[in-house]
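Inside the fold
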Amino acid sequence: MFELLGITPQGLVAQLLVGLINGSFYAILSLGLAIIFGLLNIINFSHGAQYTMGAFVAWIGLTQISQWLGFPELTMNYWFALILVPLIMAGFGLILERTMLRRLYHLDHLYGLLLTFGLALIIEGLFRDWYGISGESYPAPELLQGAIPLEAIGIILPKYRIWVVVISMLVCFSTWFVIERTKLGAYLRAGTENPKLLQAFGVNVPLMISLAYAYGVGLAGFAGVLAAPIFQVNPLMGSNLIIIVFAVVVIGGMGSIMGAILTGLGLGLIEGLTKVFYPEASSVVIFVIMAIVLLLRPAGLFGREK
Amino acid sequence: MSGLALEIQNLESWYGESHILHGVNFAVKEGELVTLLGRNGAGRSTILKTILGLTSKRAGSIKVLGNETIHLPSYQIARLGVGYCPEERGIFASLSTEENLLLLPEIAPGGMGLDDIYAMFPNLYERRHSPGTRLSGGEQQMLAMARILRTGAKLLLLDEITEGLAPVIVQKLGEVVAGLRDRGFTIVLVEQNFRFAAPLADRHYVVEHGRVVEVVNRSELADKATLLNEYLGV
Amino acid sequence: QSSPKVSNDVVKIGVLTDLSGTYSDLAGPGSVIAAKMAIADFSKDGTVLGKRIELVSADHQNKADIAANKAREWYDKDNVDVIVDLVSTNTALAVMEVAEQKNKITLVSGAGSTAITNEKCTPVNVHWAYDTYGLANGTAKAVVKQGKKNWYFITADYAFGASLESAASNVVTAGGGKVLGVSKAPFPNNDFSSYLLKAQASGADVVALANAGQDTINSVKQASEFGINKKQTVVPLLMFISDVHSLGLPTAQGMLMTEGFYWDRDEKTRAWSRRFFEQHKRMPTMVHAAVYSSVMNYLKTVQATGTDDTAVVMQKLKATPIDDGLFKGKIRADGKFSHEMFLLEVKKPSDAKSPWDYYYIRDVIPAADSSIPLAMSKCKLVKN
Amino acid sequence: MNKSTKLLYGILLLIAVLLPLQDFIYLVFAMKLLCFALFACAFNLLLGFTGLLSFGHAAFFGSAAYITAYFCKEMGASPEIGILLGVLGSAVLGLLIGALAIRRQGIYFAMVTLALSQMIYFLAVQLPYTGGEDGIQGVPRGALFGLIDLSNDVHMYYFVLAVFVFGFAIIMRTVYSPFGQILKAIRENEPRAISLGYDVDRFKLICFVISATLSGLAGSTKSLVFQLATLTDVHWHMSGEVVLMTLLGGMGTIFGPVVGAGIVVSLQNYLANIGSWSTIATGFIFVICVLAFRRGVVGEISAFFKIKH
Amino acid sequence: MLQDTILKTIGLGKSFKGFAAVSDVNLEVARGSIHALIGPNGAGKTTCFNLLTKFLEPTSGQILFNGLDITKERPAQIARRGVIRSFQISAVFPHLTVLENVRVALQQSLGTEFYFWKPQNSLLTLDDRALELLDEVGLSHFAGEEAISLAYGQKRALEIATTLAMDPELMLLDEPTQGMGHEDVERVTELIDRVAKGRTVLMVEHNMKVVSSIAHRITVLQRGSVLAEGSYYEVSSNPLVVEAYMGSHGESL
Ligand SMILES: Nc1ncnc2c1ncn2[C@@H]1O[C@H](COP(=O)(O)OP(=O)(O)OP(=O)(O)O)[C@@H](O)[C@H]1O
Ligand SMILES: Nc1ncnc2c1ncn2[C@@H]1O[C@H](COP(=O)(O)OP(=O)(O)OP(=O)(O)O)[C@@H](O)[C@H]1O
Ligand SMILES: [Mg+2]
Ligand SMILES: [Mg+2]
């Protein structure tokens with residue numbers, strides 16, 4: 001049987017699938033970041049914390065609310081969470097945008113980055129204080145529990161992970177379609193450059209910006225719900241991820257929606273392969289790629305030149 | 001008898017701390033073309049920006065087609081039927097020329113079609129897929145003008161539209177503006193180029209230090225030539 | 001009047017721990033509570049030799065520099081006599097270094113590296129709860145004995161992970177077992193699925209996790225997701241009851257591990273743990289118990305020697321066997337508190353009768369097996 | 001610089017010199033503050049006066065700390081040699097990272113520096129010389145020029161103070177120099193500066209290297225004060241912290257970063273005991289600073305008194 | 001007239017993704033002259049400037065300055081050789097004072113730009129010259145203000161002062177009078193005429209009044225290539241130019 005550095009072809013396929021799963025998370029998160037950056041000119045450092053928050057809200061809905069209220073029937077199961085949590089998070093984003101971010105648009109990128117960095121610390125700190133560090137478990141929904149044995153390649157894959165790949169692709173590509181293939185996209189891009197002027201042309205830019213931020217945060221929340229059954233729901237789950245996702249957005253190129261999605265998936269794969277063949281480097285591989293890309297193609301793989 | 005398209009009373013305006021307009025008054029009837037003349041820094045561009053709420057603070061009264069707009073956000077003012085061609089052109093770099101053209105929402109029926117526009121500015125047709133800010137200075141100027149013609153806005157605020165254009169184009173633009181006036185558009189023109197403006201306008205307002213200091217009707221041009229010369233050095 | 005010699009007229013105990021980070025559940029605020037309980041249990045009015053006993057606590061955030069600075073400040077400025085807990089190895093080593101310079105005492109409970117009493121040992125330190133040698137030795141020996149001889153390691157790629165792995169793999173090979181493969185996972189890490197798939201494909205009997213904290217929790221969780229715990233035995237080499245608690249029994253069931261303390265072992269531990277639970281709302285980990293024990297025995301020694309002088313207290317501590325109801329054993333010359341450990345198996349959810357009823361005690365590991373034999377020690381205090 | 005500013009600096013220096021006479025303020029704390037103040041000032045030279053936001057300055061601070069610690073501990077180097085080597089190391093690293101990073105602007109610049117410093121971090125985790133998780137501990141302070149025993153806190157304090165004043169003076173001079181004037185122009189309008197014949201990249205690079213070198217000086221000194229070098233020094237949190245100090249104190253002001261460093265270091269000291277609330281408090285400070293206090297403490301004060309920097 | 005040539009381009013060309021913005025331009029600028037580059041919008045004038053100052057890389061051709069091939073040099077290098085440009089869209093240093101704006105350019109002459117150890121006071125010697133230049137463009141009483149607070153036309157004037165401060169051998173002015181009031185236009189025209197003594201000016205300008213009054217020689221570009229060249233009289237009577245640029249009834253001048 002043919003083997004590559006001790007990995008069977010079956011093993012390789014399995015590993016690629018695993019990489020794709022991580023890639024899906026990168027894709028959803030970097031998509032949200034790209035939208036927010038694209039429109040608000042803000043590097044949403046609290047994206048990771050908002051992802052964490054999504055997971056926590058789902059967990060709270062599942063296990064805590066019924067206790068608070070004393071109605072055991074009142075739980076938000078996974079399927080409801082998948083819809084409700086992004087909405088709740090979007091609402092949260094809306095509030096942040098209206099009360100804080102709004103004041104920063106005319107300023108340098110730096111301030112948005114710092115504000116959201118501060119928000120990230122607050123959100124994480126609060127969850128840390130309330131629920132401790134080791135985190136809580138969130139069971140996968142019954143329908144998706146268990147694993148599918150892929151006899152052909154001799155491994156078993158958890159059903160839930162397959163679901164994650166499918167649903168996140170769906171969300172990513174429909175988002176892409178709306179933004180790039182409709183007039184909305186042109187507004188978004190123009191609004192990024194000169195919101196005041198666009199407004200003077202009759203576009204309700206403030207609303208558009210609020211909604212875009214809300215949507216980005218909603219996506220982070222959505223990713224949080226998806227992640228809850230895979231990773232422990234813990235206050236730091238997002239901060240570990242956020243720098244990598246930044247790198248993904250930069251590699252893909254700011255301002256390109258498709259770039260964010262494809263790069264997310266691609267880097268998930270590459271990182272997965274590195275874990276197999278040279279795990280010691282898996283934590284740097286994305287940064288190395290980023291440095292190379294920036295030197296060769298400063299605007300990123302899919303970015304538009306300035 | 002046409003009503004007032006624009007009526008401005010005691011308009012004041014600020015950029016941050018600096019107070020630029022100190023009580024501007026004038027009114028434009030529907031279908032009229034007026035110009036704002038003045039030296040550099042007199043505050044003409046600021047008047048247009050203030051009408052659209054683009055300065056940091058404003059006070060007084062601005063009625064657009066009879067609606068008080070002083071407390072409205074920019075986009076609602078625009079939707080009353082105001083088209084604005086800014087001094088710095090404001091072409092969007094991340095959009096292609098054609099996207100720039102198509103970007104502005106139609107705020108009223110009766111805008112020009114894309115074909116008419118391309119016929120008017122063939123340069124734009126040729127460069128339609130090029131990123132907006134890669135156009136030459138003059139081409140950007142044409143684009144900025146062209147895109148508001150699509151929207152159906154009836155009150156046009158045009159800031160130095162002949163700036164940086166070749167004489168042929170200036171000439172053509174003169175014809176375009178005259179045509180627009182004849183089709184019933186109301187136009188406020190900020191111009192440096194008095195020769196361009198003089199034959200077009202029904203009335204000229206001279207702006208100095210953030211106030212309207214003189215009104216010159218078309219009929220009075222000859223009489224007030226020395227006065228104008230004093231104000232503008234024409 | 002010959003009053004007892006107590007420096008600065010106060011006996012000050014500093015709990016330096018991880019109050020907010022990864023280890024704050026297994027040590028953290030619980031350690032502060034344990035130390036307070038010890039003081040209260042020792043003396044109703046909070047005095048020893050007629051002098052006040054004071055407690056201070058601080059968060060070292062698992063960073064050596066913060067820990068060292070705090071320790072320096074406490075010893076220099078705040079008259080702290082002894083620092084207890086110290087959760088991560090790097091903080092423990094850093095504070096031990098400062099303590100040795102300042103001739104003050106450290107009683108380490110949270111950290112687990114063997115270096116603490118081996119190559120980096122100091123004369124003013126006791127390592128109270130456990131070390132990686134004891135854990136790996138205890139678990140690995142027992143598992144190999146059960147006939148599970150083919151091992152696959154998933155190792156956190158830093159010094160601590162490597163030392164856990166090597167301790168365990170030595171035992172495995174010594175017991176006639178085989179190490180089929182190792183995946184070095186970057187530290188810290190969220191997603192272990194690649195390594196788990198490799199472990200799965202290797203066909204090993206045992207998938208051993210040479211990592212700690214969040215990494216362990218995530219790897220266990222994902223192992224159960226991939227169904228690895230169905231065909232292979234998952235063995236976390238370092239795991240605390242707080243981890244099992246957050247994983248939940250359905251995920252954790254069946255795992256084998258070693259700890260130095262289990263609350264439900266006997267009457268005494270149960271009684272103490274219930275009191276602890278009342279204050280903390282969680283059952284104690286072995287670190288909490290060790291902090292209690294270390295503070296209690298320190299105070300007893302001060303009482304017994306009539307002074308808080310470092311050398312005197314240390315000498316007496318090492319000379320006296322300990323049996324305080326929580327731990328039983330003796331402090332060796334190198335500073336290792338050598339006591340019994342327990343091989344534990346996580347219960348099935350259906351077998352748990354009450355909350356926190358998590359373990360079967362499968363074996364008691366004698367004190368002698370819980371520490372590196374003195375003959376092999378590289379500690380400067382041990383003459384070989 | 002006007003008279004009153006000079007007077008202020010004079011008074012501050014006097015206070016600093018007299019500090020060891022009291023024991024209300026712990027000397028090691030004062031030393032820490034000075035090290036971080038120097039670090040923040042060095043960072044501010046880049047951010048505040050060139051407009052380049054580096055999110056990877058920990059790389060210079062940390063690697064200098066490691067180099068100094070390594071040579072002093074393992075090779076028995078004297079403190080001045082140790083520091084010199086550390087500073088050299090950070091200068092070279094600054095040159096390498098800078099040469100890569102300055103090719104990009106704005107947010108990309110921040111990202112490239114973040115990425116490259118992340119690589120330095122992973123090197124620090126994995127290289128055999130750095131002690132991995134444990135870092136290099138128990139670094140001897142040694143005797144300065146073989147004469148002055150630095151293990152004495154008072155001696156060490158004066159040494160650190162001297163280092164700080166030296167570094168601060170360099171920064172001040174740089175800002176108010178012909179070179180500094182061009183830096184400002186570049187920040188304002190790069191193409192115009194090019195068209196006036198200035199090699200913009202060289203200016204940026206020189207500034208980057210100066211900033212990296214002085215950050216290294218701060219790191220090296222710090223490793224002697226605390227006698228250790230650890231991963232904290234190279235972690236991106238450190239890079240974030242220095243941004244906070246600068247922002248809080250007032251970026252683009254000369255003295256702001258010193259104040260910012262003072263506040264952050266004290267806060268860390270006093271909030272350390274309340275666990276996760278220290279994170280939350282830090283977060284709040286960030287938020288408030290950005291929303292209401294953008295010019296930073298010194299910036300607000302000097303705006304209030306209309307002092308021109 | 002037998003003057004030597006200060007700037008010469010041979011077959012200069014630039015295309016953007018297949019679109020030839022400039023093609024095969026052979027330009028000769030005589031030393032000491034004011035040479036105007038005119039042409040319809042999008043003819044490639046600014047692009048030409050960008051090529052000459054290397055803000056863009058030519059696709060083909062050569063640039064000779066004082067007989068020296070500078071095609072391969074970097075922008076800053078070219079500037080130091082004495083070829084200084086202004087920008088079509090105004091370019092000042094917004095948060096420096098008006099005086100400092102000019103001084104930044106003057107600093108080039110001191111050769112201390114990399115001296116980060118020298119005090120700033122060493123620059124005070126330049127202030128007199130800076131004020132003189134500001135006076136020439138009528139901005140001396142704004143000297144202490146930040147450039148951002150100037151009106152558009154004033155910014156343009158400042159830009160010219162800054163360009164002059166470099167004491168350039170060859171000045172490239174991209175629409176120097178754009179956006180100025182009539183008085184200013186006249187003043188600037190006069191200014192250019194004055195400062196052109198002893199140096200060479202190549203300018204793009206749409207204002208025919210300016211061109212006709214000061215330009216010695218005019219090159220007309222159209223669609224990237226040279227359509228006509230000559231004195232104002234020659235050019236303005238060329239029917240091709242009239243049709244492509246000046247317009248049928250021209251501006252009566
Ligand atoms: N963004 C701004 N911030 C502060 N002051 C401004 C700003 N824009 C314009 N000004 C000031 O407002 C005054 C009026 O400027 P405005 O642009 O309206 O003049 P203008 O009459 O249009 O002249 P120009 O011919 O130069 O365009 C000027 O003194 C100018 O300095
Ligand atoms: N970077 C670029 N990418 C693509 N096309 C460009 C680029 N720069 C210029 N062009 C195109 O090249 C042509 C020449 O532009 P240029 O700016 O040189 O014109 P110009 O003669 O200066 O015109 P104007 O008088 O209007 O300023 C224009 O059609 C423009 O769209
Ligand atoms: Mg204007
Ligand atoms: Mg041009």
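Residues numbered from 1 in each chain as written. Chains lettered and ligands numbered in written order. Predicted model: local features only at pLDDT ≥ 70, side-chain atom pairs only at ≥ 80, totals over all residues. Heavy atoms only, no water.

Looking at an unreviewed UniProt entry, one finds chain B named ABC transporter ATP-binding protein, with Polynucleobacter paneuropaeus as its source organism. Quoted verbatim from the Sequence similarities (unreviewed entry) field of the UniProt record, the comment on chain B reads "Belongs to the ABC transporter superfamily." (UniProt positions renumbered as here; feature names shortened; annotations may be inferred.)

**Let's talk about the coordination of the magnesium ion (ligand 3)**
Residues and elements named next belong to chain B. The protein atoms that coordinate the magnesium ion (ligand 3) are Ser-45 (OG) and Glu-87 (OE), at distances of 1.8 to 2.3 Å. One end of the pair, Ser-45, is in helix α1 (residues 44-51); the other, Glu-87, is in the loop between β6 (82-85) and α3 (97-103), with 42 residues separating them in the sequence. The exposure class of Glu-87 is partly exposed, given its relative accessible area of 24%. (Donors = N, O, S within 2.8 Å, 3.2 Å for Na, K, Ca; no water. Helix = DSSP H or I, 4+ residues; strand = E, 2+ residues; numbered from the N terminus. Buried < 20%, exposed > 50% of the residue type's maximum accessible area, 1.4 Å probe, protein only.)

**A short note on the site of ligand 2**
In the neighbourhood of ligand 2, 20 residues make up the surrounding shell, with B:Ser136, B:Gly138, E:Lys45, E:Thr46 and E:Thr47 lying closest. Residue neighbours of ligand 2 fall on chains B and E, so the site bridges chains. Taking B:Glu139, its side chain carries an N or O atom lying 3.0 Å from an oxygen atom of ligand 2. Taken by itself ligand 2 offers 630 Å² of open surface, and the protein chains cover 92% of this. Put simply, the parts of the chain that give the shell around ligand 2 at least two residues each are α6 (137-149) of chain B together with β2 (19-25) and α1 (45-52) of chain E. (Near = heavy atom within 4 Å. Polar contact = N/O pair within 3.5 Å; in protein donor to acceptor, adjacent residues only side chain to side chain. Areas by Shrake-Rupley, 256 points an atom, 1.4 Å probe, with all protein chains shown as cover.)

**Quick look at the interface of chain D and chain E**
Tallying the contact residues gives 25 residues for chain D and 37 residues for chain E. Contact between chain D and chain E buries roughly 2800 Å² in total, counting both sides, with carbon and sulfur atoms accounting for 61%. Two residues, E:Arg80 and D:Asp199, come together in a salt bridge whose shortest N-O distance is 3.7 Å. Taken together, the links from chain D to chain E amount to nine residue pairs in polar contact (both at pLDDT 80 or more). (Contact = heavy atoms within 4.5 Å. Buried area = accessible area lost by both parts, 1.4 Å probe. Salt bridge = Lys/Arg side-chain N within 4 Å of Asp/Glu carboxyl O.)

**Examining the site of ligand 1**
Surveying the vicinity of ligand 1 reveals 19 residues, the closest of which are B:Arg44, B:Ser45, B:Thr46, B:Glu87 and E:Ser149. Those chains with residues close to ligand 1 are chains B and E. With respect to ligand 1, the side chain of B:Gln192 contributes an N or O atom lying 3.3 Å from an oxygen atom. Between ligand 1 and E:Ser149 there is a distance of 2.6 Å, counted from an oxygen atom to a backbone nitrogen or oxygen. Contact with the protein chains covers 79% of the free accessible surface of ligand 1, which is 630 Å². It is α1(B) that provides the largest number of residues to the shell around ligand 1, a total of three residues. Taken together, the residues of the shell around ligand 1 sort by class into six nonpolar, nine polar and four charged. (Nonpolar A, V, L, I, M, F, W, Y, C, P; charged D, E, K, R; others polar.)

**Some words on the pattern of salt bridges**
Counted according to the given criterion, the structure contains 44 salt bridges over all chains. Here B:Glu208 ties to B:Arg39 by a salt bridge, and the two come within 4.0 Å at their closest N and O atoms. Of this pair, B:Glu208 sits in strand β9 (residues 203-208) while B:Arg39 sits in the loop between β3 (33-38) and α1, and the two are 169 residues apart along the sequence. On the accessibility criterion, B:Glu208 (24% relative accessible area) is partly exposed. Judged by its relative accessible area of 31%, B:Arg39 falls in the partly exposed class. In this structure, E:Arg81 and E:Glu73 form a salt bridge, with 2.7 Å as the shortest nitrogen-oxygen distance. Take E:Arg81: its relative accessible area is 34%, and that puts it in the partly exposed class.

**What to know about the interface of chain C and chain D**
With 24 residues of chain C at the contact, the number on the chain D side is 24 residues. With both sides pooled, the region where chain C packs onto chain D buries about 2100 Å², and carbon together with sulfur makes up 47% of that total. On the chain C side of the interface with chain D, the three residues burying the most area are C:Asp65, C:Asn69 and C:Arg72, jointly 22% of the side's total. Here chain C is connected to chain D by six residue pairs in polar contact (both at pLDDT 80 or more).

**Some details on the sheet that holds strand β12 (residues 322-323) of chain C**
Sheet strands line up and pair through hydrogen bonds in the backbone, either parallel or antiparallel. Residue and element names in this part refer to chain C. Ordered in space as β12-β13-β14, the three strands form an open sheet in which the pairing is antiparallel. Every other strand in the sheet has two partners, leaving β12 and β14 (337-339) as the edge strands with one partner each. Bridge count between strand β13 (residues 328-331) and β14: three bridges; the pairing is antiparallel. Its bridge partner lying in β14, Ile-331 is registered against Phe-337. (Pairing = 2+ DSSP bridges.)

**Describing the sheet that holds strand β11 (residues 225-230) of chain E**
Residues and elements named next belong to chain E. Taken in spatial order, the six strands line up as β7-β8-β9-β4-β10-β11 in an open sheet, and their pairing is mixed. Looking at which strands have only one partner, the edges of the open sheet turn out to be β7 (83-85) and β11. Here the strands of the sheet are splayed against their neighbours by 20 degrees on average, with no regard to which way each runs. The pairing of strand β10 (residues 217-222) with β11 spans five bridges and is classified as antiparallel. Bridge pairing in β11 links Gln-222 to Ser-225. (Axes fitted to C-alpha atoms, helices over the stretch in contact; angles between N-to-C directions.)

**Topic: the packing of aromatic side chains**
Taken as a whole and assessed by the stated rule, the structure comprises 41 aromatic pairs over all chains. Relative to A:Trp163, the ring of A:Trp79 has its centre 5.4 Å away and its plane inclined at 70 degrees; by these criteria the two rings are edge-to-face. Residue A:Trp79 is located in helix α3 (residues 78-99), and its partner A:Trp163 is located in helix α5 (residues 159-181); the two are separated by 84 residues in the primary sequence. In textbook terms, an aromatic cluster arises when at least three aromatic residues are bridged by ring pairs, as seen for C:Trp128, C:Phe261, C:Trp272, C:Phe276, C:Tyr292, C:Phe327 and C:Phe337. Its guanidinium or amino end placed over the ring of B:Phe185, B:Lys154 lies 5.0 Å from that ring's centre, counting from NZ or CZ. Positioned over the ring face of A:Tyr111 is D:Arg294, at 5.9 Å from the centre of the ring. (Phe/Tyr/Trp six-rings, centres within 6.5 Å; stacked < 30°, edge-to-face > 60°. Lys NZ or Arg CZ within 6 Å of the ring centre and 35° of its normal.)

**Considerations on the nonpolar core**
Counting 376 residues, the largest nonpolar core has A:Phe25, A:Tyr51, A:Leu226 and B:Leu6 as the members making the most contacts within it. Structurally, this core is a two-domain feature, drawing no fewer than three residues from each of domain 1 (1-87 + 170-180 + 199-253) and domain 2 (90-165) of chain E. Of all hydrophobic cores here, the second largest spans 113 residues; its members include C:Ala35, C:Ile154, C:Ala289 and C:Tyr359. (Core = buried A, V, L, I, M, F, W, Y, C linked by side-chain atoms within 4.5 Å. Domains from an automatic or database assignment.)

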